[in-house]
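Structure at a glance
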Amino acid sequence: MDFTTQLLIAAISAGTPLLLATLGGILNERAGIIQLGAEGLMLMGAVTTCIVYIRSGSLLLALLATLAVTALLGIIHSFLTVTLRANQTMSGLAMTLFGSGLSAYLGKSISGLPLPGTSPKLDLGWVKSIPVIGDIFGRLDVLTWFSLLLVAALHLLIHHTSWGLHLKAVGDNPATADVMGIRVQMIRYSYVTAGAALIGLAGADMVLAYAPTWNEGLTAGRGWIAVGLVIFARWNPLRALFCAYFFGALDSLGFRIQLLGSAIPPYFLKMIPYIVTILVLMYLGYRNRNKPSGTPESLGTPYIREQRF
Amino acid sequence: MQNHSVEMRGIVKRFGSVTASDQVDFSANAGEIHALLGENGAGKSTVMSMLSGVYRADEGEILIHGQTAKIRSPKDAAMLGVGMVFQNFRLVQTLTAAENIVLGEKSSFWRGSKWIKNKHAEIEALGERFGLHVPVDRPIWQLSVGEQQRVEIVKTLYRGADIIILDEPTSVLTPGEVEQLFETLRVMKKAGKTVIMTTHKMKEVMASSDRISVMRKGKMIATLDTAKTGELELARLMVGREVIITRQEREAVQGKPLLTVNHLEVTADHGRKALEGLSLSVRAGEIVGIAGVAGNGQKELAEVLTGLRAWKSGEIVFDGKPVKTASVRGAIDAGISHVPENRMKSGLAGRLGSVDNLLFKSYRSSEHSRFGILKAAKNRSWSQELVQRFNVKTPELDTPVQQLSGGNQQKLLFAREVSHRPKLMVAVHPTQGLDVGATAGVHELLMELRGSGSGVLLISEDLDELLQLSDRILVIYGGSIIGETDHEHADREEIGLMMAGIRHREENAV
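Residues numbered from 1 in each chain as written. Chains lettered and ligands numbered in written order. Predicted model: local features only at pLDDT ≥ 70, side-chain atom pairs only at ≥ 80, totals over all residues. Heavy atoms only, no water.

1. Focus: the overall build of chain B
- Across its full length, chain B holds 17 helices and 22 strands.
- In summary, chain B has a C-alpha radius of gyration of 25 Å against a globular reference of 24 Å for 510 residues, a match within 12%.
- Dimensions of chain B, computed from C-alpha atoms along their principal axes, come out at roughly 70 × 50 × 50 Å.
- Within chain B, the fraction of its 510 residues that count as buried is 55%.
- At a minimum sequence separation of 6, the contacts of chain B that also span at least 24 residues come to 67%.
- Taken as a whole, chain B presents about 23400 Å² of accessible surface, with 50% of it coming from carbon and sulfur.
- For chain B, the centre of its 64 positive side-chain charges and the centre of its 63 negative side-chain charges are spaced 6 Å apart. (Helix = DSSP H or I, 4+ residues; strand = E, 2+ residues; numbered from the N terminus. Rg over C-alpha atoms; globule rule 2.2 N^0.38 Å. Buried < 20%, exposed > 50% of the residue type's maximum accessible area, 1.4 Å probe, protein only. Contact = heavy atoms within 4.5 Å. Areas by Shrake-Rupley, 256 points an atom, 1.4 Å probe, with all protein chains shown as cover. Lys, Arg positive; Asp, Glu negative; His and termini not counted. Charge placed at Lys NZ, Arg CZ, Asp CG, Glu CD.)

Structure representation (structure tokens):
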């Protein structure tokens with residue numbers, strides 16, 4: 001395998017947790033609720049997976065537990081922001097701080113213990129025979145395939161179904177959606193909860209496919225990158241795929257340059273994704289200066305029916 | 001006794017201590033256009049919002065087609081066939097017209113290209129029937145206000161409404177579009193629908209409706225047949241006193257030139273040319289009206305004069321001194337005050353109280369602050385005085401100004417702009433959305449400014465207002481002044497033609 005193929009494989013592997021978390025964030029924010037709790041949710045997802053997998057030995061149980069725990073956190077976030085109309089930035093930051101702290105505490109007992117297994121890989125014999133593509137897609141794990149299918153599913157959901165139309169309406173103009181008989185609060189609850197569960201799954205993917213054991217704070221800021229990727233991808237699942245893999249590639253590129261024995265200090269290499277973030281944001285900002293940004297228009301604004309304008 | 005399609009009995013709605021609707025009785029019939037007339041804040045929109053389920057009534061009952069109806073949400077209203085076209089359109093800007101129209105539809109989960117095509121055809125056909133052309137596949141943010149309103153109307157029709165409420169439908173339309181709207185309303189009426197329209201414009205009520213209900217201060221005053229009443233009676237009912245609408249008489253202006261603009265070239269936001277070789281002048285003690293259809297450069301002209309926008313070439317001389325660069329601070333210090341087009345967007349800070357809003361332009365002066373620290377007590381009494389002098393009705397000085405009525409907000413804005421004795425006032429649509437009483441108040445203030453020797457540049461789409469107040473009227477079209485007429489010789493029709501870009505036979509030098 002040549003360098004490019006290896007890099008692509010590494011990009012997908014590093015990009016998958018980012019992708020899952022970004023998709024979760026897109027669902028959240030399309031419904032009009034800011035999700036800054038991604039880092040905490042990912043950590044909670046990772047630690048839940050580790051504990052349940054090590055204690056029970058069942059991967060399925062571990063994943064279900066992860067979805068349940070993070071969905072519960074999502075319900076709390078939506079209760080705060082949708083029903084109580086709390087400040088969404090504060091609620092998200094609280095979620096991150098709470099998740100970091102609680103995961104560190106819960107993870108103490110299993111810290112450093114190896115997981116009984118990883119996310120099972122799908123061996124696709126007939127794909128393997130194709131050069132390059134076979135190397136990349138021949139043995140991806142289940143979660144990666146799931147994330148790819150999810151991209152397609154969410155794209156279709158948002159752009160080609162009535163649910164998607166309702167979702168966009170709720171995120172852009174809840175007052176209008178309400179007048180049209182769409183249940184704004186219910187939709188916001190559903191997507192915030194589903195989004196949180198997806199972000200939790202991103203955490204699970206971190207420990208199942210990326211890092212083999214639990215370490216305190218193992219996400220190392222990936223939740224925050226996902227928050228940025230949501231904006232980068234302009235709330236679009238297809239773009240999220242490219243953005244996530246692009247960042248995955250940058251992430252592993254630094255690692256690989258280091259392996260090649262380059263004289264560049266590793267700290268600089270680790271900065272690459274973030275420097276690129278700033279550059280890309282500047283470029284996009286310039287290119288799209290006369291267009292709507294794609295931001296859901298009522299992102300961050302709670303909806304109250306009888307509020308006077 | 002006739003069977004009403006809508007009947008509201010003893011409707012009461014309170015917002016905190018304010019009773020917006022006080023024991024209101026209202027009824028409308030199928031196959032009529034019923035106008036609900038009243039000043040701003042009279043409670044028209046509140047009553048209609050209860051009919052459409054946006055607000056819930058505190059007391060009273062609503063009957064639809066003779067049956068007691070429980071309307072607890074917009075959904076309930078839609079089920080009963082009640083549809084409302086709001087003043088602030090309920091449209092999702094990023095979605096296309098068709099997507100907005102089918103938004104509430106729960107059926108057909110999958111929306112492939114065939115489904116969309118069928119819907120487009122269905123919507124276009126429906127629009128055609130009522131004389132409404134809708135660009136189905138374009139996103140709302142690309143549509144003009146008139147087109148957006150048509151989307152709103154088609155939306156209510158598409159949802160099968162047979163009771164259609166339009167809240168201040170004409171306030172955003174050009175005269176031509178208004179005529180078109182009335183035509184549509186007549187088609188609806190013929191189709192047996194109940195059309196209810198709230199408005200504060202008497203002329204339009206007289207031109208379009210069959211019956212008129214008049215509201216004042218949250219109470220229903222009277223319901224009349226349009227054929228048996230007239231504007232004067234309506235005005236009296238609406239305001240509660242006699243209103244005299246006359247042209248302001250005045251003496252000719254002799255003041256010195258205050259503002260001279262020569263060959264101004266300005267580029268608008270997207271690189272489009274907004275002003276092309278525009279020249280005009282304003283003398284002290286003169287009101288110069290700028291007539292024109294929106295989008296011909298009025299906005300940019302006002303922005304340049306108030307320092308908000310830079311210009312490409314041309315010369316501006318104010319009060320004998322050439323203006324070199326665009327600076328808001330410079331304009332304020334030079335004595336140019338500004339009544340912006342949208343008072344809540346760029347005129348007032350909605351969540352702050354009257355004191356802060358009044359201070360915005362003068363807080364730097366030694367009267368109001370010292371070493372950067374505001375003189376709180378003094379500013380308060382100063383504000384109190386201004387609020388009284390300009391007759392601003394506010395529960396308290398600290399009440400957020402967004403809770404005041406439009407008229408009172410505008411009075412507050414004028415209080416601030418007039419308080420520092422401007423040499424020139426640039427007023428953009430100063431009476432937009434104001435009722436008869438508040439409009440008269442604003443007109444009085446402008447005439448007072450004129451009397452005290454200030455110049456006024458009045459940019460307005462309301463031709464009556466311009467004819468009433470201006471010493472000279474300039475017509476702006478395509479970014480330059482294409483005609484001029486003075487107070488004595490102003491002719492409605494001629495100005496109207498020029499607004500449409502048809503030049504006067506003799507080129508008027510400006």
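2. Let's talk about the nonpolar core
- Core analysis: the largest hydrophobic core is formed by 110 residues, its most contacted members being A:Leu208 and B:Leu185.
- At 12 residues, helix 10 (residues 184–210) of chain A tops the list of elements feeding residues into this core.
- If sequence neighbours within four positions are ignored, A:Leu208 has contacts with A:Thr49, A:Tyr53, A:Leu59, A:Leu63, A:Leu115, A:Gly117, A:Thr118, A:Ser119 and A:Leu143. (Core = buried A, V, L, I, M, F, W, Y, C linked by side-chain atoms within 4.5 Å.)

3. Brief notes about the pattern of salt bridges
Residues and elements named next belong to chain B.
- Under the defined criterion, the tally for this structure stands at 30 salt bridges over all chains.
- Residue Arg-211 is joined to Glu-32 by a salt bridge in which the shortest nitrogen-to-oxygen separation is 3.0 Å. Note that Arg-211 is positioned in strand 9 (residues 211–216) and Glu-32 in the loop between strand 2 (18–28) and strand 3 (33–37), a separation of 179 residues in sequence. Accessibility classification places Arg-211 together with Glu-32 in one group, the buried group. (Salt bridge = Lys/Arg side-chain N within 4 Å of Asp/Glu carboxyl O.)

4. Considerations on the packing of aromatic side chains
All names here are of chain A.
- According to the stated counting rule, one finds four aromatic pairs over all chains in the structure shown.
- Seen from their ring centres, Phe-137 and Trp-145 are 6.2 Å apart, and the 40° between their planes marks the pair as tilted.
- The class of Phe-137 is partly exposed, set by a relative accessible area of 29%.
- Judged by its relative accessible area of 23%, Trp-145 falls in the partly exposed class.
- Summarising the aromatic geometry, the rings of Phe-246 and Phe-247 are spaced 6.0 Å apart at their centres and angled 80° between planes, so their arrangement reads as edge-to-face.
- Take Phe-246: its relative accessible area is 40%, and that puts it in the partly exposed class.
- According to the relative accessible area criterion, Phe-247 is buried, its value standing at 4%. (Phe/Tyr/Trp six-rings, centres within 6.5 Å; stacked < 30°, edge-to-face > 60°.)

5. Observations concerning the packing of helix 3 (residues 59–83) of chain A against helix 4 (residues 88–107) of chain A
Residues and elements named next belong to chain A.
- In contact at an axis separation of 9 Å, helix 3 and helix 4 are set at 155° when each is read in the N-to-C sense. Comparing their axes, helix 4 and helix 3 come out roughly antiparallel. Judged by the sense of rotation from one axis to the other, the crossing of helix 3 with helix 4 is right-handed. Residues Leu-73, His-77, Leu-80 and Thr-81 of helix 3 pack against Gln-88, Ser-91, Gly-92, Met-95 and Phe-98 of helix 4. (Axes fitted to C-alpha atoms, helices over the stretch in contact; angles between N-to-C directions. Parallel < 35°, antiparallel > 145°, perpendicular 65-115°, else oblique. Left-handed = near helix turned anticlockwise from the far one by under 90°.)

6. Quick word on the interface of chain A and chain B
- Taken residue by residue, the interface counts 26 residues in chain A and 36 residues in chain B.
- Each partner contributes to the roughly 2800 Å² buried at the junction of chain A and chain B, and carbon and sulfur atoms together form 61% of this total.
- Between chain A and chain B we count one salt bridge in total.
- Where chain A touches chain B, the interface holds six residue pairs in polar contact (both at pLDDT 80 or more).
- Breaking the side of chain A that touches chain B down by element, the ones donating at least two residues are helix 7 (142–160), helix 8 (162–172) and helix 9 (174–179) of chain A.
- Considering every element that reaches the side of chain A that touches chain B, the biggest residue donor is helix 8 of chain A, with seven residues.
- A per-class count over the side of chain A that touches chain B returns 11 nonpolar, eight polar and seven charged. (Buried area = accessible area lost by both parts, 1.4 Å probe. Polar contact = N/O pair within 3.5 Å; in protein donor to acceptor, adjacent residues only side chain to side chain. Nonpolar A, V, L, I, M, F, W, Y, C, P; charged D, E, K, R; others polar.)

7. Concerning unusual backbone geometry
Residues and elements named next belong to chain A.
- A positive phi angle, near 45°, is found at Arg-234, a position not held by glycine.
- The partly exposed category is assigned to Arg-234, whose relative accessible area is 21%.
- Positioned with a positive phi, Trp-235 is a non-glycine residue whose angle comes to about 60°.
- Along the chain, the position of Trp-235 falls in the loop between helix 11 (222–232) and helix 12 (237–259).
- Classification of Trp-235 as buried rests on a relative accessible area of 3%.

8. Details of the sheet that holds strand 4 (residues 59–64) of chain B
Residue and element names in this part refer to chain B.
- The strand order across the open sheet built from four strands is 2-1-4-5, with neighbouring strands paired in antiparallel fashion. With partners counted over all chains shown, the strands left at the sheet margins are strand 2 and strand 5 (67–69), one partner each. With strand direction ignored, the average angle separating the axes of adjacent strands in the sheet is 30°.
- When strand 1 (residues 6–15) meets strand 2, the two strands line up antiparallel, connected through seven bridges. Looking across to strand 2, one finds that Phe-15 is bridged to Val-18.
- On top of the sheet, helix 1 (residues 44–51) reaches strand 1, strand 2 and strand 4; it is set at about 115° to strand 1, its chief contact. (Pairing = 2+ DSSP bridges.)

9. Regarding the sheet that holds strand 12 (residues 273–283) of chain B
Residue and element names in this part refer to chain B.
- The antiparallel open sheet is built from four strands, whose spatial order is 12-11-14-15. Of all strands in the sheet, those bounded by a partner on one side alone are strand 12 and strand 15 (321–323). Across the sheet, the mean angle from the axis of one strand to that of its neighbour is 20°, orientation sign disregarded.
- Across five bridges, the pairing between strand 11 (residues 257–267) and strand 14 (residues 313–318) is antiparallel. The residue bridging Thr-260 from the neighbouring strand is Val-317, located in strand 14.

10. What about the side chain of A:Ser298?
Residue and element names in this part refer to chain A.
- Mapping Ser-298 onto the fold places it in the segment after helix 13 (266–287).
- Of note is the side chain of Ser-298, whose polar atom sits 2.9 Å from the backbone oxygen of Asp-172.
- In contact with Ser-298, not counting residues within four places along its chain, are Gly-32, Val-170, Gly-171, Asp-172, Asn-173, Pro-174 and Arg-188.

11. Describing the packing of helix 1 (residues 3–30) of chain A against helix 7 of chain A
Residue and element names in this part refer to chain A.
- Interaxial distance between helix 1 and helix 7 falls to 10 Å at its minimum, and their mutual angle equals 30°. By the angle between their directions, the pair helix 1 and helix 7 is classed as roughly parallel. Judged by the twist between their axes, the crossing of helix 1 over helix 7 is left-handed. Residue-level contacts link Ile-12, Thr-16, Leu-19, Leu-20, Leu-23, Ile-26, Leu-27 and Arg-30 of helix 1 to Leu-143, Thr-144, Phe-146, Ser-147, Leu-150, Val-151, Leu-154, Ile-158 and His-159 of helix 7.

12. Considering helix 5 (residues 145–158) of chain B
Residues and elements named next belong to chain B.
- Counted at 1.5 Å a residue, the expected span for helix 5 with its 14 residues is 20 Å, and the 20 Å between its end C-alpha atoms agrees.
- In terms of burial, helix 5 is a largely internal element, 13 of the 14 residues being buried.
- A positive phi of about 75° marks Gly-160, the residue just after helix 5. (Expected span 1.5 Å × (residues − 1).)

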